[in-house]
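Notes for the structure review
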Amino acid sequence: MNTSATMMYEWDQAPWCELERSVFKLQKRIYRASSRGDVKAVHRLQRLLIKSKSAALIAARRVAQDNQGKKTAGIDGLASLNSQQKLELAERVKGNPLIAKAKPVRRVWIPKPGKDEKRPLGIPVMEDRARQALAKLAMEPEWEAKFEPNSYGFRPGRSCHDAVEAIFDQMRGVPKYVLDADIAKCFDRIDHNALLKKLGTFPALRRAVRAWLKAGVMDGGELFPTSEGTPQGGVVSPLLANIALHGLGTAIESAFPECKRVPPDRRLTRWKSSWPPDWAKGR
């Protein structure tokens, strides 16, 4: 299909199946290039996808029509776009896909389930959300080829049920240790410089991601700078958090290597010989 004529369609008459198929094929090429370690091919294909009219239309559709936050406005008050406004949004994103300066996000406080405290959300303006969705289309296949196989949060085609099934398969019939940990304020404490260095992407995309991270927060009419963290509520924030946490599983496994299994006939003997401990003897 000739994507040069895509913008001439009316929004409701656009060939969405063909557009999604075109973008998906390009994403598969990015995934395969990342799997074989061809960084130059990954960056070349990502630039091609970001400049694509098909990707711009799909990015605009996801933030203005498919996502639940389509009725939530940023600091500009723009939300609930009609068909003409969605088409104009795709045109603006296509004309300037990666910008080096972004508008501040609007701070929204929502209650945490089961707790008295509230969670801060950062809502970007609709145009920045569309650009983030476009960048996510390009970055996600690259990192899906790199992510650890036992990572399940915020990944396409995976859910908490897959994580439960993986835990069940690993622990079935074999006693194992379980590490239950919670990273306090994970999104709010991500180091920007370390994350940008870890991305290792081409300069234009790096500048755009930096602009979204450094955009600032508008809370109660006052602008606050953002020196760390990614705004919860941004389209690309879950992917950036996964990139920041990539390698954590490998680090935990290296710090706590699997111990040799004790034969069943020796488990009771070893337990008896170690009890009571030295500090309890003589009492």
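Sequence positions are assigned chain by chain, starting from 1 and proceeding in written order. Thresholds applied to this predicted model are a pLDDT of at least 70 for local features of residues and 80 or more for the giving and counting of side-chain atom pairs; totals over whole chains, interfaces and linings are not thresholded and use all residues. Excluding hydrogens and water, the side-chain figures rest on all heavy atoms present in the structure.

**Quick look at the pairing of strand S1 (residues 105-111)**
- For two strands to be treated as a pair, DSSP must find no fewer than two bridges joining them. Numbering goes from the N terminus for both helices and strands, where a helix is a DSSP run of H or I of at least four residues and a strand is a run of E of at least two. Two elements, S1 and strand S3 (residues 217-219), share two bridges in a ladder whose sense is parallel. By the bridge assignment, Arg-106 is partnered in S3 with Met-218.
- Of the strand pairs in this sheet, S1 and strand S2 (residues 118-123) are connected by six bridges, and their pairing is antiparallel. Counterpart to Arg-106 in the pairing with S2 is Ile-123.
- Linking S1 to S2, which pair antiparallel, is a turn of six residues; within it Gly-114 sits at a positive phi near 80 degrees.

**Considerations on the layout of surface pockets**
- Reported here for the second largest pocket is a volume of approximately 670 Å³.
- Here a cavity is any set of points on a 1 Å grid over the protein atoms alone where a 1.4 Å probe fits but cannot get out, and a pocket is any open set with protein on both sides within 12 Å along at least 5 of 7 lines; a residue lines the site when it has an atom within 4 Å of a point. Asn-67, Gly-233, Gly-234, Val-235 and Pro-238 are, among the 24 residues lining the second largest pocket, the residues nearest its centre.
- Contributions of two or more residues to the lining of the second largest pocket are made by helix H3 (53-66), S2, helix H5 (126-144) and helix H9 (237-245).
- The dominant element in the lining of the second largest pocket, judged by the number of residues it contributes, is H5, at five residues.
- The residue makeup of the lining of the second largest pocket, split by class, is eleven nonpolar, eight polar and five charged. Grid points are joined across faces, edges and corners, and a volume is the space filled by probe spheres set on the points. When residues are grouped by polarity, Ala, Val, Leu, Ile, Met, Phe, Trp, Tyr, Cys and Pro land in nonpolar, Asp, Glu, Lys and Arg in charged, and all others, Gly among them, in polar.

**Considerations on the sheet that holds S3**
- Strands sit in the order S2-S1-S3-S4 across an open sheet of four strands; the sheet is mixed. Edge strands, defined here as strands with exactly one partner in the open sheet, are S2 and strand S4 (222-224). Sheet twist, expressed as the mean angle between neighbouring strand axes with direction ignored, is 40 degrees. What counts as an axis is a line fitted to C-alpha atoms, over the stretch in contact for a helix, and the angles between N-to-C directions run from 0 to 180 degrees.

**What about the environment of Gly-95?**
- Relative to the elements of secondary structure, Gly-95 occurs in helix H4 (residues 83-95).
- For the pair formed by Gly-95 and Lys-51, sequence separation is 44 residues and the distance between their alpha carbons is 8.4 Å.

**Focus: the packing of aromatic side chains**
- The pairing test for Phe, Tyr and Trp rings, Trp by its six-membered ring, is centres within 6.5 Å, and the orientation test on the planes gives stacked under 30 degrees, edge-to-face over 60, and tilted for anything in between. If you walk through the whole model with that rule in mind, you get three aromatic pairs.
- A centroid spacing of 4.9 Å and a plane angle of 70 degrees characterise the contact between Trp-11 and Trp-16, whose relative ring orientation is edge-to-face.
- We call a residue buried when its accessible area falls under 20% of the maximum for its residue type, exposed when it is over 50%, and partly exposed in between, using a 1.4 Å probe and counting protein chains only. For Trp-16, a relative accessible area of 13% translates into the label buried.
- Taking 6.0 Å as the distance between ring centres and 35 degrees as the angle between the ring planes, the aromatic pair formed by Trp-143 and Phe-147 counts as tilted.
- For Arg-61, the ring lying beneath its charged end belongs to Trp-16, and the centroid distance is 4.6 Å.
- Sitting above the plane of the Trp-143 ring, Lys-146 keeps its charged end 4.5 Å from the centroid. In our convention, an over-ring charge means Lys NZ or Arg CZ found within 6 Å of a ring centre and within 35 degrees of that ring's normal.

**Considering the environment of Val-63**
- Mapped onto the fold, Val-63 is located in helix H3.
- Note: C-alpha distance between Val-63 and Arg-131 (68 residues apart in sequence) is 9.6 Å.
- Whether two residues touch is decided by their heavy atoms; if any such pair falls within 4.5 Å, the residues are in contact. Setting aside residues up to four positions removed in sequence, Val-63 forms contacts with Lys-70, Leu-89, Met-126, Arg-129, Ala-130, Ala-133 and Val-235.

**Brief notes about the side chain of Glu-142**
- Along the chain, Glu-142 falls in helix H5.
- Among the residues examined, Glu-142 registers a relative accessible area of 5% and is labelled buried.
- Of note is the side chain of Glu-142, whose polar atom sits 3.3 Å from the side chain of Lys-146.
- Setting aside residues up to four positions removed in sequence, Glu-142 forms contacts with Ile-30, Ser-34, Val-42, Gln-46 and Leu-199. Polar contact criterion, stated in full: a pair of N or O atoms within 3.5 Å, where within protein one must be able to donate a hydrogen and the other to accept it, and residues adjacent in sequence count only if both atoms are side-chain atoms.

**As for the packing of H4 against H5**
- Running from amino to carboxyl end, H4 crosses H5 at an angle of 60 degrees, the nearest separation of the two axes being 10 Å. If you check the angle between H4 and H5, you find them oblique. Considering the relative orientation of H4 and H5, their crossing is right-handed. Side by side, H4 and H5 meet where Leu-89, Arg-92 and Val-93 of the first sit next to Met-126, Glu-127, Ala-130, Arg-131 and Leu-134 of the second.
- Among the residues forming the contact of H4 with H5, the class breakdown is five nonpolar, no polar and three charged. Note that the term roughly parallel is reserved for angles under 35 degrees, roughly antiparallel for angles over 145, roughly perpendicular for angles of 65 to 115, and oblique for everything else. Handedness of a helix crossing follows the sense of rotation of the near helix relative to the far helix, less than a right angle counterclockwise being left-handed and clockwise being right-handed.

**What about empty space enclosed by the protein?**
- Within the structure shown, the criterion is met by one cavity of 30 Å³ or more.
- The volume enclosed by the largest cavity comes to roughly 80 Å³.
- Lining of the largest cavity is provided by 15 residues; of these, Pro-124, Gln-132, Trp-212, Leu-213 and Pro-231 occupy positions nearest its centre.

**A word on the packing of H5 against H9**
- Where H5 meets H9, the axes come as close as 11 Å, and the angle between the chain directions of the two elements is 30 degrees. By the angle between their axes, H5 is roughly parallel relative to H9. Of the two possible hands of crossing, H5 and H9 adopt the one that is left-handed. Contact residues: Lys-136, Met-139, Glu-140 and Trp-143 in H5; Leu-239, Leu-240 and Ile-243 in H9.
- For the contact of H5 with H9, the per-class residue count stands at five nonpolar, no polar and two charged.

Geometric values such as these leave the question of function open.
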